[in-house]
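Tertiary structure, described
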Amino acid sequence: MPEVSAPFPAGAPCWADLASSDPQRAREFYAGLLGWEAAVSEPGGYADFLHRGSAVAGLMPNSPETAYPDTWTVYLAFGDAAGSADAAAEAGGQVMLDPQQVGTKGSMALLGDPSGGTIGIWQPADHPGFARIDEAGAPVWYELLTSDYPAALRFYRDVFGWETEVLSDTADFRYTTVQSNGRPVAGVMDGAADLPDGIPSHWELYFGHTDVDAAADLAEELGGAVLTPPEDSPYGRMVQLADPTGAAFWLMEAEAD
């Protein structure tokens, strides 16, 4: 379903944005790699990335004063941003950014799960979230790599009412999918044995591309980096990249609409 015509169900990923220390360079990089255009910046410098004229992600300046590295943030749909913050605190998480109104677009908050992963909350009003998904040039998957798999699953089930399905439960590979209306919309992977020292639990974002091998070469030409070389998976070929200021993301094989 490339075009989104209905509200996202509660707890499902509905938006993502990039905090970049060099927004102009980010515009140029993602335009070259994914063909995106960036809408005119709003007050504060926030802009939507557009794919075929439809919003597929956001871009905002990352001020040096924040002391945070440039990164992509995934947001979950929720009808009560303030309520999600209260529920997160009760479930052992943290409120990293208090719920706040974003003009007429909606309300947002940033939460920390008990394993250290950061997740955004979006309560939509005028801005419903992604306008296109599941195609080349748009978001196709969202995944939490966590150092405390049981605690993370409990947290997201308790706070967001997730319905989950175990995909694999072996010592080598533990993975659970989040289900919405009978289809998987996100995943949680046990990364306790894989996360390097100093790298906390985190959400990873996947965009669709018709040729990930060519995209890997192009990303380097555009000033980015290949973090994980292109590889085959049961879900298609994929590659992990970083943009010119270090924000990491994945590309996954996908068809153009």
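Below is a short write-up of the structure. (Residues numbered from 1 in each chain as written. Predicted model: local features only at pLDDT ≥ 70, side-chain atom pairs only at ≥ 80, totals over all residues. Heavy atoms only, no water.)

Examining the pattern of salt bridges
Counted according to the given criterion, the structure contains eight salt bridges. Notably, a salt bridge pairs glutamate 135 with arginine 132, separated by 2.7 Å at the nearest N-O pair. Here glutamate 135 and arginine 132 have matching classes, each one buried. Via salt bridges that share partners, Arg52, Arg132 and Glu135 belong to a single interconnected network. (Salt bridge = Lys/Arg side-chain N within 4 Å of Asp/Glu carboxyl O. Buried < 20%, exposed > 50% of the residue type's maximum accessible area, 1.4 Å probe, protein only.)

Quick notes on the environment of glycine 45
Secondary-structure assignment places glycine 45 in the loop between strand S2 (37-38) and strand S3 (47-51). Exposure remark for glycine 45: the relative accessible area of 25% places this residue in the partly exposed category. Taking the C-alpha atoms as reference points, glycine 45 and aspartate 98, 53 residues apart in sequence, are found 20 Å from one another. Not counting chain neighbours up to four residues away, the residues in contact with glycine 45 comprise Leu59, Met60 and Pro61. (Helix = DSSP H or I, 4+ residues; strand = E, 2+ residues; numbered from the N terminus. Contact = heavy atoms within 4.5 Å.)

Brief notes about a nonpolar patch on the surface
Taken together, the side chains of Leu167, Phe173 and Tyr235 make up a nonpolar region of the molecular surface, amounting to roughly 310 Å² of accessible area. Its location among the elements puts tyrosine 235 in the loop between strand S14 (225-231) and strand S15 (238-242). We classify tyrosine 235 as exposed; its relative accessible area is 55%. (Patch = residues over 30% accessible without salt bridge, like charges linked within 9 Å, V, L, I, M, F, W, Y side chains within 5 Å. Areas by Shrake-Rupley, 256 points an atom, 1.4 Å probe, with all protein chains shown as cover.)

Describing helix H4 (residues 212-221)
Within the span of H4, buried status applies to Val212, Ala215, Ala216 and Ala219. Projected onto a plane normal to the axis of H4, the buried residues spread over an arc of 105° and lie on a single side. Buried-residue contacts for H4 involve helix H1 (23-34), strand S13 (202-209), S14, S15 and strand S16 (248-253). Note on H4: the residue one or two positions beyond its end, glycine 223, has a positive phi of about 100°. (Arc of directions from axis to C-beta.)

What about the packing of aromatic side chains?
Applying the stated criterion across every chain, the model contains 22 aromatic pairs. With a centroid separation of 5.6 Å and 90° between ring planes, the pair formed by tyrosine 30 and tryptophan 72 is classed as edge-to-face. Of this pair, tyrosine 30 sits in helix H1 while tryptophan 72 sits in strand S5 (residues 71-77), and the two are 42 residues apart along the sequence. This pair shows no difference in class: tyrosine 30 is buried, exactly as tryptophan 72 is. The interplanar angle of 50° and the centroid separation of 5.5 Å between the aromatic rings of tyrosine 30 and phenylalanine 249 together place this pair among those described as tilted. Taken together, the residues span a long stretch of sequence, with tyrosine 30 in helix H1 and phenylalanine 249 in strand S16 at a distance of 219 residues. Pair check on accessibility: tyrosine 30 and phenylalanine 249 agree, each one buried. Taken together, the ring pairs in this structure connect Phe29, Tyr30, Trp36, Phe49, Trp72, Phe207 and Phe249 into an aromatic cluster. (Phe/Tyr/Trp six-rings, centres within 6.5 Å; stacked < 30°, edge-to-face > 60°.)

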